[in-house]
Amino acid sequence: MAQRVVIDPVTRIEGHLKIEVEVEAGKVVDARAGGTMFRGLELILRGRDPRDAAQLAQRICGVCSVEHGITSVLSLDSAFGVRPPRNGRILRNLVCGLNIVMSHITHFYHLAGLDFARGPDTPPFVPRYEGDYRLPQAVNERVVQHYVEALAVRRKAHEAAAVFGAKVPHVSALTAGGMTENVSAENISRFKGYLGEIVSFVDNVYLPDVMAVAKAYEDYFQIGTGYKNLLAYGAFPLTDEEDPQGQKQFFRRGRYTGGQFGSVDPERITEDVRFSWFEDAGTGRNPVEGVTLPAPGKGKAYSWIKAPRYEGRPHEVGPLARMWVNRVGEIAGLGEKAFSVMGRHYARAVEASLLIREIGKWADELVPGEPTFSPYSVPKEGKGVGLTEAARGALGHWIEVRDYRIHNYQAVVPTTWNFSPRDDKGLRGPVEEALVGTPVKDPTQPVEVLRVIRSFDPCLACAVHLLETGSSGRHRREFQVL
Amino acid sequence: MRTLSRREFLKLCAVSTAGVSLGSLLGWDFVFNTFARAAEGRPTVVWLQGSACSGCSVSLLNSVDPPVADLILKLTGLKYHPLLMAAAGEMGVDLLEEVARKERGNFVLVVEGGIPTAERGRYCLIGEQHGQAVTMLDAVRILGNAALVTVAAGQCASFGGIPGAAPNPTGVVGVDRVLADRPVINLGLCPMHPDHFLGTVVHLLNYGLPELDELKRPKMFYPGPIHENCPRRPDFEAGRFASSIGEEGCLARLGCKGFIARADCGNQGWNHGVNWCIKAGAPCMACSEPYFPDHTGPFYGLFTVSRTRSEARPSS
């Protein structure tokens with residue numbers, strides 16, 4: 001008979017997550033993922049000056065704050081009809097790129113690393129689930145030692161980002177039309193001064209550590225597979241012109257569904273709510289047209305997270321999706337093994353390495369003294385969309401301005417995709433599906449389950465849920481964020 | 001071991017200059033010895049996250065002196081921190097119960113994020129024990145009443161912050177509204193400044209509660225308005241105002257709220273003193289104040305450069 005195992009809270013992730021799995025004959029046979037915190041940021045945004053969105057929406061998350069800020073200013077640029085000048089575009093790429101690299105380093109060493117390496121026998125490393133920790137002693141010691149080094153490197157990545165971003169997390173220099181900080185020979189050189197050490201850590205420490213862990217845990221190239229459907233909006237614009245298809249970006253937009261590569265049309269995204277705490281009436285709609293009613297007591301529901309689907313199918317987002325749809329050699333070369341716990345860790349490290357190098361090249365393209373900001377005026381009415389990538393995957397913000405104020409603001413975030421509950425057809429979300437088949441040696445110490453969960457780098461404060469709080473009239477769209 | 005009088009400590013904090021971290025300021029020996037002395041009993045720290053974005057934890061990880069690694073690994077008994085600890089599930093919740101029971105009056109509670117109070121706190125569940133959900137509201141009440149002192153780390157925990165902004169759908173309040181009769185130290189700012197946290201802990205361990213202003217913020221980190229020490233102050237005095245983002249001059253006409261924001265950002269800077277909002281041309285949002293963001297927005301105020309100015313509605 002199946003044994004029910006509950007992990008609540010799931011720790012060493014951002015936010016509040018509860019996982020339930022059924023274990024039978026030493027394997028997970030079913031799984032449920034639920035988000036347990038609600039804040040209502042979209043509702044809080046309503047009625048405010050649209051320019052403020054860039055600062056407020058960043059506070060959706062303190063880990064992916066830069067990415068939320070970038071997505072927000074992209075939606076504002078689009079609503080205001082303004083494009084940043086070249087320097088402004090590059091500065092945004094630099095600050096965002098560094099935050100993603102920071103995020104990947106933090107994820108491996110401080111969040112997921114302790115799934116594989118045993119920390120010292122002192123708080124906060126004990127108590128812990130015991131299990132088959134099997135890194136050779138020397139490797140284990142190295143990874144724990146690098147836990148400390150990585151703290152310094154991730155801090156320096158943030159210091160570099162602050163050179164142009166003012167402060168991190170919560171970058172105050174981000175604004176519609178560009179950035180507030182100027183470009184000078186002095187701040188370029190200050191910025192570049194940080195890069196060497198970060199490049200060296202990523203290539204000489206992070207990548208080798210991931211490979212050493214992968215070697216000891218090779219079976220984790222077969223665990224945590226999931227649907228093998230991947231989706232990426234792409235990120236880091238390389239052109240100052242419009243790029244509606246997202247192909248002129250360092251990471252291009254794309255999709256991989258049922259073994260086929262394809263393009264991404266955001267209008268084909270729908271969100272189901274059969275197993276979320278919302279009235280069924282609002283199910284199956286595109287997020288832009290979403291009508292959602294809270295139903296906290298709904299019996300069969302188990303999450304505040306909705307179930308986004310592309311053409312009705314669950315898709316995984318994140319570094320693996322970005323590297324796979326961009327057919328990056330190291331990841332494409334893994335073949336089927338890429339769809340796994342280790343594939344995700346490896347994709348993250350490969351991406352960090354690609355990105356940190358490119359950041360140095362982008363910095364060389366800055367022109368001291370040239371503007372970083374294009375003036376604009378706030379229109380009386382307007383709609384805008386920002387689509388880009390957070391460290392954890394595809395991120396979209398939508399804004400509607402009416403009478404110079406925010407009428408509607410929505411964010412559909414990576415963790416909503418990955419940690420969605422079942423949809424109307426009963427299909428599990430990507431992580432739920434990835435958990436099925438995971439061997440669990442001792443259900444009282446479910447370390448294997450946590451390895452699968454953390455390979456997705458969950459970020460629950462981001463996992464946005466929309467609730468209509470006002471009238472349920474068809475044309476009213478008033479939202480809250482979980 | 002070097003000792004430092006309370007007066008010297010405060011003086012050092014008040015005259016710090018950009019780029020100088022707490023360690024270099026107070027002397028690394030002093031900071032380290034403070035913790036080392038305390039570490040004989042390794043003061044237990046419990047860090048809870050409520051309606052939070054983890055930004056204050058991320059900001060703490062950016063601290064330089066003492067390196068956060070020492071803080072985590074050597075100097076304090078950080079028994080509970082959802083972002084950093086190995087424990088998960090009921091094992092984690094049990095830890096909270098154990099601290100509240102066994103270390104009553106002898107541990108520091110740190111709260112990150114606001115406390116949702118609507119619906120009896122069910123908008124933020126921090127774990128499950130014996131099949132029952134534990135709300136953040138309950139956890140703060142139980143642990144806060146057992147703790148020696150509670151540090152509200154950041155704007156949300158201090159004053160409600162953005163989740164507590166209008167219309168405040170989940171009834172978020174700051175910690176001292178839940179723990180009205182207990183000692184609470186507010187470290188406003190969004191996110192929390194890492195030096196404020198460490199400086200407060202160093203003060204607590206050496207001299208007890210720091211002197212607080214009427215909003216329960218340590219006076220040493222929340223001196224006069226930012227405007228007083230602003231590097232753009234001479235521009236203000238001379239009437240040189242930036243009329244668009246990216247221009248030199250005082251940012252008042254772009255919406256800067258440095259006149260009403262009390263914080264030491266201009267002295268300490270952010271990210272090891274690399275930069276800060278006003279230096280980078282970004283108007284101050286007064287994220288240190290209890291009425292942020294409801295009454296400190298719109299953040300950008302007026303733009304006088306505009307292509308279709310007649311359409312732009314002036315914000316006031």
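Residues numbered from 1 in each chain as written. Chains lettered and ligands numbered in written order. Predicted model: local features only at pLDDT ≥ 70, side-chain atom pairs only at ≥ 80, totals over all residues. Heavy atoms only, no water.

Focus: the overall build of chain B
Helices and strands together make up the secondary structure of chain B, namely twelve helices and nine strands. Residue pairs at least 24 apart in sequence account for 73% of intrachain contacts in chain B once pairs closer than 6 positions are excluded. Surface summary for chain B: the accessible area is close to 11400 Å², and the carbon and sulfur share equals 52%. (Helix = DSSP H or I, 4+ residues; strand = E, 2+ residues; numbered from the N terminus. Contact = heavy atoms within 4.5 Å. Areas by Shrake-Rupley, 256 points an atom, 1.4 Å probe, with all protein chains shown as cover.)

Concerning the environment of Asn-186 of chain B
All names here are of chain B. Examined against the element boundaries, Asn-186 turns out to sit in strand S9 (residues 184–187). Residue Asn-186 is classed as buried on the basis of its relative accessible area, which comes to 0%. For the pair Asn-186 and Pro-293, spaced 107 residues apart in sequence, the C-alpha to C-alpha distance is 17 Å. Beyond its immediate stretch of four places on either side in the chain, Asn-186 contacts Ala-152, Ser-158, Phe-159, Asp-176, Leu-215, Lys-216, Arg-217, Pro-218 and Tyr-222. Within polar-contact distance, the side chain of Asn-186 engages the backbone oxygen of Leu-215 at 2.9 Å. (Buried < 20%, exposed > 50% of the residue type's maximum accessible area, 1.4 Å probe, protein only. Polar contact = N/O pair within 3.5 Å; in protein donor to acceptor, adjacent residues only side chain to side chain.)

Focus on the packing of helix H4 (residues 86–112) of chain A against helix H5 (residues 137–165) of chain A
Between two packed helices, the angle of one axis relative to the other and the distance separating the axes together describe the packing. All names here are of chain A. In the contact formed by H4 and H5, the axes pass within 9 Å of each other and the chain directions differ by 165°. Classified by the angle between their axes, H4 and H5 sit roughly antiparallel to one another. Judged by the sense of rotation from one axis to the other, the crossing of H4 with H5 is left-handed. Split by residue class, the contact of H4 with H5 holds 16 nonpolar, six polar and one charged. (Axes fitted to C-alpha atoms, helices over the stretch in contact; angles between N-to-C directions. Parallel < 35°, antiparallel > 145°, perpendicular 65-115°, else oblique. Left-handed = near helix turned anticlockwise from the far one by under 90°. Nonpolar A, V, L, I, M, F, W, Y, C, P; charged D, E, K, R; others polar.)

Quick notes on the pattern of salt bridges
Considering all chains together, one arrives at 48 salt bridges over all chains under this definition. In this structure, the salt-bridge partner of Arg-454 of chain A is Asp-115 of chain A, at a minimum N-O distance of 2.4 Å. Taken as a pair, Arg-454 of chain A in helix H12 (residues 447–455) and Asp-115 of chain A in the loop between H4 and H5 lie far apart in primary sequence, 339 residues in all. Each member of the pair, Arg-454 of chain A as well as Asp-115 of chain A, carries the same accessibility label: buried. A salt bridge links Glu-103 of chain B to Lys-79 of chain B, with the nearest nitrogen and oxygen atoms 2.6 Å apart. Of the two residues, Glu-103 of chain B is situated in the loop between helix H6 (90–102) and strand S3 (107–112) and Lys-79 of chain B in strand S2 (residues 77–80); the sequence distance between them amounts to 24 residues. Among the residues examined, Glu-103 of chain B registers a relative accessible area of 15% and is labelled buried. A cluster of three or more residues bridged by salt bridges with shared partners is formed by Asp-30, Arg-32, Arg-422, Arg-428, Glu-432 and Glu-433 of chain A. (Salt bridge = Lys/Arg side-chain N within 4 Å of Asp/Glu carboxyl O.)

A look at helix H10 (residues 194–207) of chain B
Residue and element names in this part refer to chain B. Here H10 is 14 residues long and its end C-alpha atoms lie 20 Å apart, about the 20 Å a rise of 1.5 Å per residue gives. Most of H10 sits out of view: eleven of its 14 residues are buried. Pro-194, Asp-195, His-196, Phe-197, Leu-198, Gly-199, Thr-200, Val-201, Val-202, His-203 and Leu-204 are the residues of H10 that are buried. After H10 finishes, the residue Gly-208 shows a positive phi value of roughly 85°. (Expected span 1.5 Å × (residues − 1).)

Here's the deal with the interface of chain B and chain A
Contact residues are listed per partner, giving 82 residues for chain B and 82 residues for chain A. Between chain B and chain A we count two salt bridges in total. Salt-bridge contacts for Glu-128 of chain B lead to Lys-18 of chain A; the nearest nitrogen and oxygen are separated by 2.7 Å. Our enumeration of links across chain B and chain A arrives at 32 residue pairs in polar contact (both at pLDDT 80 or more). When residues of the side of chain B that touches chain A are traced back to their parent elements, those giving at least two are helix H4 (55–61), helix H5 (68–75), S2, H6 and strand S5 (125–129) of chain B. Residues of the side of chain B that touches chain A, tallied by class, amount to 48 nonpolar, 23 polar and eleven charged.

Focus on the side chain of Ser-340 of chain A
Residues and elements named next belong to chain A. As for its position among the elements, Ser-340 is in the loop between helix H8 (329–332) and helix H9 (341–364). Residue classification places Ser-340 among the buried residues on the basis of a relative accessible area of 0%. Among all residues touching Ser-340, those that are not within four sequence positions of it are Tyr-220, Phe-221, Gln-222, Ile-223 and Gly-224.

Here's the deal with a negative patch on the surface
On the surface, Glu-90, Asp-94, Glu-97 and Glu-98 of chain B cluster together into a patch of negative charge. Within the secondary structure, Glu-97 of chain B sits in helix H6. (Patch = residues over 30% accessible without salt bridge, like charges linked within 9 Å, V, L, I, M, F, W, Y side chains within 5 Å. Lys, Arg positive; Asp, Glu negative; His and termini not counted. Charge placed at Lys NZ, Arg CZ, Asp CG, Glu CD.)

With respect to the sheet that holds strand S14 (residues 393–402) of chain A
Hydrogen bonding along the main chain pairs the strands of a sheet, whether they run parallel or antiparallel. Residues and elements named next belong to chain A. Spatially, the three strands line up as an open sheet ordered S13-S14-S15, and their pairing is antiparallel. Of all the strands in the sheet, the pair left with one neighbour each is strand S13 (381–390) and strand S15 (405–412). Neighbour to neighbour, the strand axes of the sheet diverge by 15° on average, direction disregarded. Bridging between S14 and S15 involves seven bridges; their strand directions are antiparallel. What sits directly across from Trp-398, in S15, is Gln-410. (Pairing = 2+ DSSP bridges.)

Side note on the state of the cysteines
Residue and element names in this part refer to chain B. Evaluated as defined, the whole model comprises zero disulfides over all chains. You can see Cys-156 has no disulfide; the closest cysteine sulfur is in Cys-190, sitting 5.9 Å from it. Left unpaired, Cys-250 is separated from the closest cysteine sulfur, that of Cys-256, by 6.4 Å. (Disulfide = S-S within 2.5 Å.)

Observations concerning the packing of aromatic side chains
On inspection of all chains with the given rule, the structure shows 28 aromatic pairs over all chains. The cationic tip of Arg-327 of chain A hangs over the ring face of Phe-261 of chain A; the distance from NZ or CZ to the ring centre is 3.7 Å. (Phe/Tyr/Trp six-rings, centres within 6.5 Å; stacked < 30°, edge-to-face > 60°. Lys NZ or Arg CZ within 6 Å of the ring centre and 35° of its normal.)

Notes on the sheet that holds S3 of chain B
Residue and element names in this part refer to chain B. Across the sheet, which stays open at both edges, the five strands sit in the order S2-S1-S3-S7-S9 with parallel pairing between neighbours. The sheet terminates laterally at S2 and S9, the two strands that pair on one side only. Strand-to-strand twist of the sheet, defined as the mean angle between neighbouring strand axes without regard to direction, takes the value 25°. The sheet contact formed by strand S1 (residues 44–49) and S2 spans three bridges and is parallel. Considered in S2, the bridge of Val-45 is made with Leu-78. In this fold H6 packs onto S1, S2 and S3, with an angle of close to 125° to the strand it touches most, S2.

Side note on the nonpolar core
Counting residues in each nonpolar core, the largest one holds 203 residues, and the members touching the most others are Leu-94, Leu-98, Phe-191, Tyr-206, Ile-331 and Leu-435 of chain A together with Phe-197 of chain B. Residue contributions to this core peak at 14 residues, all from helix H6 (residues 185–216) of chain A. Counting residues in each nonpolar core, the second largest holds 33 residues, with Leu-96, Ile-115, Cys-124 and Val-173 of chain B among its members. (Core = buried A, V, L, I, M, F, W, Y, C linked by side-chain atoms within 4.5 Å.)

Thoughts on the packing of helix H3 (residues 65–80) of chain A against H4 of chain A
Residues and elements named next belong to chain A. Two elements in contact, H3 and H4, have axes whose closest approach is 8 Å; the angle formed by their N-to-C orientations is 150°. On the basis of their axis angle, the class for H3 and H4 is roughly antiparallel. For H3 against H4, the interelement crossing comes out left-handed. Along its contact with H3, which presents Ser-65, Val-66, Glu-67, Ile-70, Val-73, Leu-74 and Asp-77, the element H4 presents Arg-92, Val-95, Cys-96, Asn-99 and Ile-100.

Points about the environment of Ala-338 of chain A
All names here are of chain A. Looking at where Ala-338 falls in the secondary structure, it is placed in the loop between H8 and H9. For the pair Ala-338 and Lys-228, spaced 110 residues apart in the sequence, the C-alpha separation amounts to 9.2 Å. Excluding anything up to four places from it in sequence, Ala-338 contacts Leu-320, Trp-324, Ile-331, Gly-343 and Arg-344.

Quick word on the confidence of the model for chain A
Mean pLDDT over chain A stands at 92; residues scoring 70 or higher make up 95%. Note on residues 464–482 of chain A: pLDDT is under 50 here. Beyond four places in sequence and across chains, it has 78 contacts. (pLDDT = per-residue confidence, 0-100.)

Some details on a nonpolar patch on the surface
Taken together, the side chains of Phe-259, Ile-260 and Tyr-291 of chain B make up a nonpolar region of the molecular surface, amounting to roughly 250 Å² of accessible area. With relative accessibility at 36%, the residue Phe-259 of chain B sits in the partly exposed group.

Focus on the side chain of Ser-374 of chain A
Mapped onto the fold, Ser-374 of chain A is located in the loop between H9 and S13. A polar contact is formed between the side chain of Ser-374 of chain A and the backbone oxygen of Arg-83 of chain A, at a distance of 2.8 Å.

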